[in-house]
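So you can see what is in the structure, the chains are spelled out below.
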Amino acid sequence: MKQDVTTFKGSVPQNYEDYLGPFLFEGFAQDLAARISGAEINRVLELASGTGRLTRQLLHALPATTQIIASDLNPDMLEVAKSKIEGNNLAWETVDMLNIPYADESFDMIVCQFGVMLVPDPERALREIYRVLKKGGKLIFSVWGDLNENGIWKIGADTIKAFLGIDPIRQSPGPFSMQNDQQVLNLMENIGFKDTAVQGVRLTGEISQAILAAKGFIQGLPVNMIINQRDPSAISKIEAALTEELIKQLGDVPMRSPLYTLVFEATK
């Protein structure tokens, strides 16, 4: 049975922001925002904005006259973002990218960091994105690349599987379900996107202690709810085992992990 990898609620969003935000997501948000030229961009939609790591970078990268709608499926994620980020040209909305509630050709640019690979139907999501993007508008989105090149994710996936016998990290939909770049490019082109391109981005994530990385991974991702549904007492055991394995493979104080993503770009 497929596990729910899209629901971030309760304490999970704040743990996601506090432990995983600077460790896993900030550097890639900076990279994605640096790809944006804002001269002719009047209206931008950010999908799966989460706790706002990319949103903050968009505010810096785009002119103050550009209207930005930062959206996410999970209201609890947006609450964390709203508590930290403000902008006169920024609006927050709850949006399901499988049913984007805007008119055709509404946006000059659509961006998404680590969201498209989590939806049950990525093709439908990309078709919705295509629909609401203006002719000549640009899409930029990122997904995780090869699991074997993402140390923290590989070790975390293996640890969870060893305890629970399930593998939500490797499942589809899931964080690594779009790591075949050619398949994604073919899908985009079949939908009608032009000038499609992909680039691999490698960074090193750093966090002060392995124990904090383990806490973020187990308590700051939807795997927390999956574990709680099966055996709440397993949380501390899995965290301890993951901490031990992270120290063994990636070191400690600080702990560093290789990270690898794919950034896709296209125009309508």
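Thresholds, definitions, all that
- Residues numbered from 1 in each chain as written.
- Predicted model: local features only at pLDDT ≥ 70, side-chain atom pairs only at ≥ 80, totals over all residues.
- Heavy atoms only, no water.
- Core = buried A, V, L, I, M, F, W, Y, C linked by side-chain atoms within 4.5 Å.
- Buried < 20%, exposed > 50% of the residue type's maximum accessible area, 1.4 Å probe, protein only.
- Helix = DSSP H or I, 4+ residues; strand = E, 2+ residues; numbered from the N terminus.
- Contact = heavy atoms within 4.5 Å.
- Expected span 1.5 Å × (residues − 1).
- Pairing = 2+ DSSP bridges.
- Axes fitted to C-alpha atoms, helices over the stretch in contact; angles between N-to-C directions.
- Polar contact = N/O pair within 3.5 Å; in protein donor to acceptor, adjacent residues only side chain to side chain.

**Student:** Would you mind going over the nonpolar core in detail, with residue names and values included?
**Tutor:** Among the nonpolar cores identified, the biggest contains 96 residues, and Phe141, Trp144, Trp153 and Leu246 are the most heavily contacted of them. Of all the elements, helix 1 (residues 12-34) adds the most residues to this core, at ten residues. Excluding its chain neighbours within four sequence positions, the residues that come into contact with phenylalanine 141 are Cys112, Val116, Leu126, Met178, Val184, Met188, Leu262, Val263 and Phe264.

**Student:** Before we move on, could you go through helix 5 (residues 151-164) and cite the residues and values that matter?
**Tutor:** Look at helix 5: 20 Å from first C-alpha to last across 14 residues, which is about the 20 Å you get at 1.5 Å a residue. Residues of helix 5 that are buried: Gly151, Ile152, Trp153, Ile155, Gly156, Ala157, Thr159, Ile160 and Leu164. Residues of helix 5 that are buried make contact with helix 1, strand 5 (133-144), helix 7 (210-219), helix 8 (223-230), helix 9 (234-250) and strand 7 (255-267). Directly beyond the C-terminal end of helix 5, a positive phi value near 75° is found at glycine 165.

**Student:** Break down the sheet that holds strand 7 for me, citing the residues and quoting the values.
**Tutor:** Taken together, the seven strands give an open sheet; going across it, the order is 3-2-1-4-5-7-6, and neighbouring strands pair in mixed fashion. Across the chains shown, the open sheet's two edge strands, defined by having one partner strand only, are strand 3 (90-94) and strand 6 (194-207). The mean inter-strand angle of the sheet, taken between neighbouring strand axes irrespective of direction, is 20°. Examined bridge by bridge, strand 4 (residues 107-113) and strand 5 share six bridges and lie parallel to one another. Paired with phenylalanine 107 across the strands is leucine 133, a residue of strand 5.

**Student:** An account of the side chain of asparagine 89 is needed here, citing residue identities and associated values.
**Tutor:** Summarising the element assignment, asparagine 89 is placed in the loop between helix 3 (75-82) and strand 3. Judged by its relative accessible area of 16%, asparagine 89 falls in the buried class. Of note is the side chain of asparagine 89, whose polar atom sits 2.7 Å from the backbone oxygen of threonine 66. Those residues in contact with asparagine 89, other than ones at most four positions away along the chain, are Leu59, Pro63, Ala64, Thr66, Gln67 and Ile68.

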